[in-house]
Amino acid sequence: MRGIILMNVGTPAKCEKADVQKFIGDMLADPLVMGKPEWISSLLARNIIAPLSASKSLKKYQLIWRKEVPAFSPITYYLQNLADKLEKQKNVPVEIAMRYGEPSFSDALEKLEKRCPLLHELIVFPMYPHYAQSTTQTAIDEVGRIFYKYPHSFRLKIVSPYYKHPAYIKALADFAKPYLEKDLDRIAFCYHSLPINQIEEARQKGKEFDYVYQLKETNHLLAEQLEIAPNKIIVLYSSQRSDNWIKPYLNKEIGDLPRMGWKKIAVMAPGFLIDNMETLYDINIEARELFLKDGGEDFTFIPCLNDSDLAVESIWKIISGV
């Protein structure tokens with residue numbers, strides 16, 4: 001029997017300042033995220049960055065937090081729904097895990113082992129299609145650290161970046177098409193920005209580590225699948241923390257588009273399977289407000305695949321090698 005763990009970056013446990021501060025501190029204390037030695041990353045993250053940014057981040061989380069009872073983070077809500085649908089439709093046990101926060105990979109692994117004593121293969125599916133040391137690599141390292149701590153009777157498989165897998169590209173295109181039936185001046189593909197030095201170091205290792213190359217492949221294939229001319233597409237980056245991150249920045253450039261005559265746009269984030277702070281706030285709230293304030297007329301936000309049937313089918317095909 002195979003078992004699957006869907007692994008995402010993480011989220012605060014609750015929409016409260018202490019939880020937000022802990023999440024930020026845990027994530028940025030990771031040297032693969034900060035790009036600094038562990039002791040410096042931990043010192044800066046837990047003692048300076050997290051305490052200073054918690055209040056501002058909390059206000060953003062309050063705007064996107066799910067309202068169910070009990071209330072859920074969007075990532076937890078959609079990821080758990082996706083896991084439940086995948087398990088039901090494909091008759092395979094599925095758990096969710098976060099690199100930072102709960103449930104941890106250790107928790108998910110323990111739960112899966114208890115449910116499936118005859119497990120012969122564990123498949124870990126990272127919820128990020130493009131390689132980055134701050135997502136893919138740190139997830140791989142964490143999975144390996146926990147899994148190989150003790151012997152297991154089943155093998156481990158971690159799904160490689162699937163930025164150009166036909167099933168993923170088709171799912172993105174099919175999901176986006178209903179949003180693109182209106183008259184639009186441009187379509188923006190928005191990705192998470194990363195430090196230029198991290199991107200360059202990874203690029204030198206080859207295409208399987210080259211973030212920019214992988215984004216370009218996704219853009220090309222997605223535009224082809226959608227039958228969109230290349231000159232109708234713009235690429236923007238969000239969530240930068242300094243000026244030494246890859247550009248152009250979403251929140252700096254989005255207001256210029258109406259002045260260029262592009263007053264009707266759609267924005268999607270092909271770098272995420274699940275909606276999160278970067279999509280629900282950075283794009284659908286902040287970028288929308290900036291665009292409309294500077295003369296834009298129509299801003300269409302295209303959600304991530306989330307817990308859609310298209311997401312289920314694409315994940316299953318990627319896992320199955322179809």
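Residue numbering note: each chain is counted from 1, following its sequence as written. With pLDDT at 70 or above as the cut-off, local features in this predicted model cover only qualifying residues; side-chain atom pairs require 80 or more to be listed or tallied, and sums for whole chains, interfaces and linings still use all residues. Each side-chain value is worked out from all heavy atoms of the structure, with water and hydrogens disregarded.

Asks: Would you explain the sheet that holds strand S2 (residues 94-100) in this entry?
Replies: Working definition: the strands of a sheet are paired by backbone hydrogen bonds and lie parallel or antiparallel to each other. Paired strands, in this sense, are two strands between which DSSP finds at least two bridges. Secondary structure elements follow DSSP: runs of H or I no shorter than four residues count as helices, runs of E no shorter than two count as strands, and numbering proceeds from the N terminus. Spatial ordering of the open sheet is given by S2-S1-S3-S4, a layout of four strands whose pairing is parallel. Strand pairing shows two members of the sheet lacking a second neighbour, S2 and strand S4 (155-158), which therefore form its edges. Between one strand axis and the next, the sheet turns through 25 degrees on average, direction left out of account. One ladder, built from six bridges, connects strand S1 (residues 2-10) with strand S3 (residues 121-126); its direction is parallel. Bridge pairing links Leu-6 to Phe-125 in S3. Axis definition: a line fit to C-alpha positions, over the contact stretch in the case of helices; interaxial angles, taken between N-to-C directions, run 0 to 180 degrees.

Asks: Looking at this structure, how should I read the packing of aromatic side chains?
Replies: Centre distance and the angle of the planes are the two values used to describe a pair of aromatic rings. In summary, the pairing rule links any two rings of Phe, Tyr or Trp, Trp by its six-membered ring, whose centres are within 6.5 Å, and it sorts them by plane angle into stacked for under 30 degrees, edge-to-face for over 60 and tilted for everything else. Overall, the coordinates contain 10 aromatic pairs when judged by the stated rule. With 6.4 Å between their ring centres and 75 degrees between their planes, Tyr-163 and Tyr-213 make a pair best called edge-to-face. With Tyr-163 in the loop between S4 and helix H7 (166-176) and Tyr-213 in helix H9 (residues 211-226), the pair connects residues that are 50 residues apart, well separated along the chain. The buried label applies to any residue whose accessible area, calculated with a 1.4 Å probe on protein chains only, is under 20% of its type's maximum; exposed applies above 50%, and partly exposed to all values in between. Looking at Tyr-163, the relative accessible area reads 8%, which means it is buried. The class of Tyr-213 is partly exposed, set by a relative accessible area of 22%. Taking 5.8 Å as the distance between ring centres and 55 degrees as the angle between the ring planes, the aromatic pair formed by Phe-291 and Phe-299 counts as tilted. The same class applies to Phe-291 and to Phe-299, which are both buried. These aromatic residues form a ring-pair network of at least three members: Phe-125, Tyr-162 and Tyr-168. The residue whose ring lies beneath Arg-66 is Tyr-77, and the NZ or CZ to ring-centre distance is 3.7 Å. When the ring centre of Phe-209 is taken as reference, the NZ or CZ atom of Lys-205 above it lies at 5.7 Å. Placement of a charge over a ring requires the Lys NZ or Arg CZ to be within 6 Å of the ring centre, with the centre-to-atom vector within 35 degrees of the ring normal.

Asks: Where do I start with the state of the cysteines in this structure?
Replies: When the sulfur atoms of two cysteines come within 2.5 Å, that pair is taken as a disulfide. Across all of its chains, the model carries zero disulfides by this definition. Here Cys-15 stays unpaired: no disulfide links it, and the sulfur of Cys-304, its closest cysteine neighbor, is 19 Å away.

Asks: How do you make sense of the nonpolar core when you look at a structure like this?
Replies: Inside soluble globular proteins, nonpolar side chains tend to come together where they are buried. By nonpolar core we mean a set of buried residues, namely Ala, Val, Leu, Ile, Met, Phe, Trp, Tyr and Cys, connected to one another through side-chain atoms within 4.5 Å. Judged by nonpolar contacts, the single largest core of 56 residues is most densely connected at Met-7, Phe-105, Leu-122, Ile-254, Ile-283 and Phe-299. Top contributing element to this core by residue count: helix H11 (residues 277-293), with seven residues. Aside from chain neighbours lying at most four places away, what touches Phe-105 is Ile-5, Met-7, Ala-97, Met-98, Leu-122, Val-124, Val-143, Ile-146 and Phe-147. Among the nonpolar cores identified, the runner-up in size contains 53 residues, and Tyr-78, Leu-86, Ile-233 and Ile-318 belong to it. The criterion used for residue contact is that any of the two residues' heavy atoms lie within 4.5 Å.

Asks: Just checking my understanding: could you explain unusual backbone geometry for this structure?
Replies: Geometrically, the link from Glu-102 to Pro-103 is a cis peptide bond, its omega value of -5 degrees lying close to zero. Inspection of the secondary structure puts Pro-103 in the loop between S2 and helix H5 (105-115). Residues Lys-247 and Pro-248 are joined by a peptide bond in cis, for which omega reads 5 degrees. Relative to the assigned elements, Pro-248 resides in the loop between strand S6 (233-238) and helix H10 (250-253). Within the chain, Asn-91 stands out as a residue other than glycine whose phi angle is a positive 55 degrees. Its identity as a non-glycine residue notwithstanding, Ser-239 has a phi of 65 degrees, on the positive side. One can find Ser-239 in the loop between S6 and H10.

Asks: Is there a simple way to explain the pairing of S3 in this structure?
Replies: Put simply, side chains in a regular strand alternate between the two faces of the sheet. Summarising burial for S3: six of the six residues are buried, a large majority. Burial along S3 is two-sided: the face carrying Glu-121, Ile-123 and Phe-125 and the face carrying Leu-122, Val-124 and Pro-126 are both buried. Here S3 runs beside S4; their pairing, made up of four bridges, is parallel. Bridging across to S4, Leu-122 finds its partner in Leu-156. Running through helix H6 (residues 133-147), the crossover from S3 to the neighbouring parallel element S4 is right-handed. If the strands point away from the viewer and the path from the first strand over the helix to the second runs clockwise, then the crossover is right-handed.

Asks: Whenever I open this one, the sheet that holds strand S8 (residues 298-301) confuses me. Can you help?
Replies: In space, the four strands of this open sheet follow the order S6-S5-S7-S8, with parallel pairing throughout. The open sheet is flanked by S6 and S8, the only strands paired with a single partner. On average, each strand axis in the sheet is tilted by 25 degrees relative to the strand beside it, whichever way the strands run. Relative to S8, strand S7 (residues 264-268) runs parallel, the two sharing four bridges. The partner of Ala-266 across the bridge, within S8, is Thr-300.

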